[in-house]
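A look at the structure
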Amino acid sequence: MTKSSTAPVFIFSASWRTGSTLLQRLLNTTDELLIWGEPQFLIPARRMFDLATQSFSEAQWMRDQAEEEPLHQMWAPTICPSPDSIVPAFKGLFDQLYNEPSLAKGFGRWGFKEVRNFGLENAIFFRAIYPDAKIVFHYRHPFDAYASLKRTDFFNSFEDTPFQPMQIWTKNYLGFKSQLAADLNAFVISHEEVVSAIPSENSKLKKLFDYIEVEMTDTCDEVLGNKLGGTSEGQGLSEEEKKKFRAILKEKSVDLVDEYPDV
């Protein structure tokens with residue numbers, strides 16, 4: 001079946017070490033789509049979008065007044081263009097940053113993955129810019145994700161706030177399972193579902209490719225069998241760490257008993 005979608009694809013994972021890079025590699029087996037790595041600037045970009053929307057809207061009375069009298073005769077210190085210009089401006093920014101380089105490499109579509117905080121908020125942001133975007137929410141067993149993170153040098157950056165990744169996982173997971181996420185028509189998939197079987201027998205992974213509207217390739221088998229850039233095997237979480245994680249989940253009313261019984 002030939003696919004014809006040009007919609008960008010945005011993958012938002014619950015936190016670091018969730019298997020998002022594996023999912024990225026699986027989607028990059030197609031020659032139709034290029035999934036770029038994690039932008040470092042999404043949170044300030046989204047905040048700028050929100051601030052621009054707010055300030056441009058609040059200045060409407062100035063624009064109305066400017067229709068009746070010359071600018072040099074009115075008080076207009078914060079006059080600005082219509083909010084209608086904001087979405088095209090941000091779309092132009094991301095098209096220039098990601099779409100044009102993708103086209104130059106021969107790919108008709110593009111996307112990226114992100115693993116930091118505010119996954120749902122960022123997804124809403126990109127739905128506003130790209131109404132036809134394919135949005136994927138992705139997560140992994142929280143104990144496994146955190147244990148894997150602890151075995152990286154990157155974990156040292158949380159030395160003063162070691163449980164912050166747990167809090168981010170919880171916040172993002174709540175967002176992924178919310179009605180707002182459903183309203184975005186997002187596809188939700190866990191790491192365990194990604195690796196549950198060889199691709200040809202993995203119905204959830206096949207449904208993901210169908211949702212994104214790209215063909216699953218035989219190379220997916222090779223990708224799943226060839227681990228790249230993973231952490232070495234090591235000890236899991238201590239009982240104290242598990243207790244802390246459970247407390248965070250309880251505080252946020254997150255019940256994982258059906259999905260992850262040991263949590």
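Just above sits the structure.
Remember, it's a predicted structure, so these values are computed and weren't measured experimentally.

Topic: the overall build of the protein chain
- Within the protein chain, the regular secondary structure consists of 12 helices and five strands.
- With respect to the principal axes defined by its C-alpha atoms, the protein chain has extents near 70 × 50 × 35 Å.
- Pairs at least 24 apart in sequence give 78% of the contacts found in the protein chain among residues at least 6 apart.
- Summed over its atoms, the accessible surface of the protein chain is roughly 13,700 Å², and 52% of this surface lies on carbon and sulfur atoms.
- Computing the positive centroid from 28 side-chain charges and the negative centroid from 38, the protein chain places the two 5 Å apart.

Let's talk about the sheet that holds strand 5 (residues 187-190)
- On the basis of which strands lie adjacent, the open sheet formed by five strands has the order 2-3-1-4-5 and parallel pairing. The sheet is open, and its two edges are formed by strand 2 (33-36) and strand 5, each paired on a single side. Strand after strand, the sheet turns through a mean of 20° between neighbouring axes, direction not considered.
- By the bridge criterion, four bridges tie strand 2 to strand 3 (residues 109-114) in an arrangement that is parallel. Each bridged residue has a counterpart across the sheet, and for Trp36 the counterpart in strand 3 is Phe112.

Let's talk about helix 6 (residues 142-150)
- Here helix 6 lies mainly inside the structure; seven of its nine residues are buried.
- Where helix 6 is buried, its residues contact helix 7 (164-176) and helix 12 (239-251).

Details of the nonpolar core
- If you look at the biggest cluster of nonpolar residues, it comprises 70 residues, and the most contacted ones within it are Phe12, Phe94, Phe126, Val136, Phe137 and Ile212.
- Those residues within four positions of Ile212 in sequence are excluded, and the remaining contacts are Val9, Leu27, Leu33, Arg109, Lys134 and Val136.

With respect to the pattern of salt bridges
- In the structure shown here, the tally under the stated rule is 10 salt bridges.
- Notably, a salt bridge pairs Lys134 with Glu213, separated by 3.2 Å at the nearest N-O pair. Note that Lys134 is positioned in strand 4 (residues 134-139) and Glu213 in the loop between helix 10 (203-212) and helix 11 (219-225), a separation of 79 residues in sequence.
- Residue class for Lys134 comes out buried when judged on its relative accessible area of 14%.
- Taken together, the salt bridges that share partners define one network made up of Glu38, Lys113, Glu114 and Arg116.

Thresholds, definitions, all that
- Residues numbered from 1 in each chain as written.
- Predicted model: local features only at pLDDT ≥ 70, side-chain atom pairs only at ≥ 80, totals over all residues.
- Heavy atoms only, no water.
- Helix = DSSP H or I, 4+ residues; strand = E, 2+ residues; numbered from the N terminus.
- Contact = heavy atoms within 4.5 Å.
- Areas by Shrake-Rupley, 256 points an atom, 1.4 Å probe, with all protein chains shown as cover.
- Lys, Arg positive; Asp, Glu negative; His and termini not counted.
- Charge placed at Lys NZ, Arg CZ, Asp CG, Glu CD.
- Pairing = 2+ DSSP bridges.
- Axes fitted to C-alpha atoms, helices over the stretch in contact; angles between N-to-C directions.
- Buried < 20%, exposed > 50% of the residue type's maximum accessible area, 1.4 Å probe, protein only.
- Core = buried A, V, L, I, M, F, W, Y, C linked by side-chain atoms within 4.5 Å.
- Salt bridge = Lys/Arg side-chain N within 4 Å of Asp/Glu carboxyl O.

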